[in-house]
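Fold and contact review
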Amino acid sequence: MSAVLAEPALLPRPESAPAIAVVLLGTGVVGGALLKLLNTSSASALRLIGAANSRRQQTEPARLAQRNLREQLNQHGAPRDDAGLLAALDASGAPVRVIIDATASATLAARHAEWLAQGYHVVTANKALAGGELSGWRALQAALAQGGRYGDSATVGAGLPVLSTLRRLRHCGDALLTLEGVFSGSLSWLFNQYDGSRPFSELLREARQLGYTEPDPRSDLSGEDVARKLLIIARNAGYALGTDEVQVEGLVPPSLRALDTEAFMTRLDELDAALAARCAEASSRGCVLRFLARLNQRGQARVGLTEVPLNHPAARLYGTDNQFALTTTRYNTQPLVIQGPGAGPEVTAQALLGDVLALG
């Protein structure tokens, strides 16, 4: 009779190093949506090593695992110290170490190239570097030449496959000739709704209440955010444009630019007359108004309100849709059009997660 050997008891093993270790900078609307995704099975290869808002940070594993981490950071955590976050990232032992920038901070964006040069990968929704001064773009390219990877899908179109498509086309020898589209979810919604039957100011208040605009809607109405996105696309297409080479026609008159947000919101009606006149003129010509970004073959770039005929692709948008019409050497007789929701924390967070997973 043969003896049956009992299996030895399994001894607890030390936690192995994760495949991908991440620190999250920014736990606002987008960062909060990303934290929810990090608690799903899709992010099982990732380990959150640290998280920070503008004032506090957390690197304790038990607290990082809490589902109310975003709220906890408002009350608990060490004072913000990027060096401490990066030290925790280094101590993780992970072969892939990623800094996720879910902020709009120009100060943080200015460090992206530095982090890449130090051996970290950077994944970001922050447009301030790639869509800022040309010197910053060049510093970013120099850092990337040393081997780092930069996940920037969330900077344009909230993760719509715009930059990835453009890069693939260029890799195959194609070249961007012209670009036209609606690059702002908030401005898309506003002008998809605006036909002159309701005052523009009324629609703007509604868009703000729905969360489609920034708390200060002038961030959207100025056109500067659209200009940054246009610069990012143009630079990825090989056009070395400076910020001063984009003509921006914003919707905020000089008299409303220096006010605080509360005062601006009380004077929204001052936007109505000029826009109503433009809307009526466009309608008399069988056109509608759309806030378009355009780049031509000579590298001339413009952002602003434009009349388009009813059969124009931008005249048939819905909700907060973004639209990117790319005419290239090979997509010449008819542009390649990429269209879909271009705003929202969930789709932006998904773009961030996708870029991180692509590093594994």
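What you see is a predicted model, and the numbers here were worked out from it, not measured in a lab.

It is worth spelling out the pattern of salt bridges at this point. When the charged atoms of two side chains with opposite charge come close together, those side chains can pair. One pass over the structure, following the stated rule, counts 18 salt bridges. A salt bridge links Arg97 to Asp90, with the shortest nitrogen-to-oxygen separation between them at 2.4 Å. Since its relative accessible area comes to 21%, Arg97 is described here as partly exposed. Exposure remark for Asp90: the relative accessible area of 38% places this residue in the partly exposed category. Among the ionic pairs, Asp225 bridges to Lys127, the shortest N-O distance being 3.3 Å. Placement of the pair is Asp225 in helix α12 (residues 224-236) and Lys127 in the loop between β6 (121-124) and α7 (134-144), with a sequence separation of 98 residues. Just as Asp225 is buried, Lys127 falls in that class too. When salt bridges with common partners are traced through the structure, they connect Arg80, Asp82, Arg111 and Glu114 into a single cluster.

One pass over the full model with this rule turns up five aromatic pairs. In textbook terms, an aromatic cluster arises when at least three aromatic residues are bridged by ring pairs, as seen for Phe191, Tyr194 and Phe200.

Both faces of β6 are covered, namely the face carrying His121 and Val123 and the face carrying Val122 and Thr124. Here four bridges tie strand β5 (residues 96-101) to β6, and the two strands are oriented parallel to one another. Bridge assignment links Val98 to a residue of β6, and that residue is His121. Two strands pair when backbone bridges link them, and β6 and strand β7 (residues 150-151) are joined in this way by two bridges, in the parallel orientation. Bridge pairing links Val123 to Gly151 in β7. Handedness of the crossover is the feature at issue here: the chain leaves β6, passes through α7, returns alongside β7, and the resulting connection is right-handed.

With that settled, consider the sheet that holds strand β1 (residues 20-25). Ordered by their spatial adjacency, seven strands build an open sheet running β4-β3-β2-β1-β5-β6-β7, and the pairing between neighbours is mixed. On the outer flanks of this sheet lie β4 (78-79) and β7, each paired with one strand and no other. Across the sheet, helix α15 (residues 345-357) touches β1, β2 (46-52), β5, β6 and β7, and the angle it forms with β6 is around 160°.

Counted according to the given criterion, the structure contains one cavity of 30 Å³ or more. Taken as a whole, the largest cavity spans an internal volume of roughly 30 Å³. Every residue along the wall of the largest cavity is listed here: Gln58, Arg63, Gln66, Leu69, Gln72, Leu73 and His76. Per-element tally for the lining of the largest cavity: the top contributor is helix α3 (residues 69-73), with three residues. Looking at side-chain class alone, the lining of the largest cavity contains two nonpolar, four polar and one charged residues.

Following both chains from N to C, one finds helix α1 (residues 29-38) and α15 inclined at 60°, their axes separated by 8 Å at the closest point. On the basis of the axis angle, α1 is oblique to α15. In the packing of α1 onto α15, the handedness of the crossing is right-handed. Together, Val29, Val30, Ala33, Leu34, Leu37 and Leu38 of α1 and Pro345, Glu346, Thr348, Ala349, Gln350, Leu352 and Leu353 of α15 make up the contact between the two elements. Taken together, the residues that form the contact of α1 with α15 break down as ten nonpolar, two polar and one charged.

Vacant regions in the atomic arrangement are exposed by a probe of water-molecule size rolled over the atoms. Taken as a whole, the largest pocket spans an internal volume of roughly 1300 Å³. Considering the residues around the largest pocket, the lining is formed by 48 residues, among which Val30, Ala104, Lys127, Glu214 and Asp225 are closest to the centre. When residues of the lining of the largest pocket are assigned to their parent elements, the largest contribution, six residues, is made by α12. Taken together, the residues that form the lining of the largest pocket break down as 17 nonpolar, 23 polar and eight charged. Here the second largest pocket is characterised by a volume of approximately 600 Å³. The wall of the second largest pocket is formed by 25 residues, among which Leu35, Leu38, Asn39, Leu48 and Leu64 lie closest to the centre.

Before going further, it helps to examine unusual backbone geometry. Phi at Ala158 is positive, roughly 50°, even though this residue is not glycine. By the element assignment, Ala158 lies in the loop between β7 and α8 (163-171).

Now for the confidence of the model for the protein. The predicted coordinates of low-pLDDT regions are not to be read in fine detail. Within the protein, residue pLDDT values average 93, and 95% of them lie at 70 or more. Long-range and interchain partners of residues 1-14, a stretch whose pLDDT sits below 50, account for zero contacts in this model, where long-range means more than four residues apart.

On to the nonpolar core. Grouped together as the largest cluster of nonpolar side chains are 75 residues, with contacts concentrated most on Leu190, Phe191 and Leu221. No other element matches α12, which puts seven residues into this core. Excluding residues that lie within four positions of it along the chain, Leu190 makes contacts with Phe200, Leu203, Leu204, Ala207 and Leu221.

Criteria and thresholds
Residues numbered from 1 in each chain as written. Predicted model: local features only at pLDDT ≥ 70, side-chain atom pairs only at ≥ 80, totals over all residues. Heavy atoms only, no water. Salt bridge = Lys/Arg side-chain N within 4 Å of Asp/Glu carboxyl O. Buried < 20%, exposed > 50% of the residue type's maximum accessible area, 1.4 Å probe, protein only. Helix = DSSP H or I, 4+ residues; strand = E, 2+ residues; numbered from the N terminus. Phe/Tyr/Trp six-rings, centres within 6.5 Å; stacked < 30°, edge-to-face > 60°. Pairing = 2+ DSSP bridges. Right-handed = clockwise from strand over helix to strand, strands pointing away. Contact = heavy atoms within 4.5 Å. Axes fitted to C-alpha atoms, helices over the stretch in contact; angles between N-to-C directions. 1 Å grid on protein atoms, 1.4 Å probe; cavity = no way out; pocket = protein on both sides within 12 Å on 5 of 7 lines; lining within 4 Å. Points joined across faces, edges and corners; volume = space filled by probe spheres on them. Nonpolar A, V, L, I, M, F, W, Y, C, P; charged D, E, K, R; others polar. Parallel < 35°, antiparallel > 145°, perpendicular 65-115°, else oblique. Left-handed = near helix turned anticlockwise from the far one by under 90°. pLDDT = per-residue confidence, 0-100. Core = buried A, V, L, I, M, F, W, Y, C linked by side-chain atoms within 4.5 Å.

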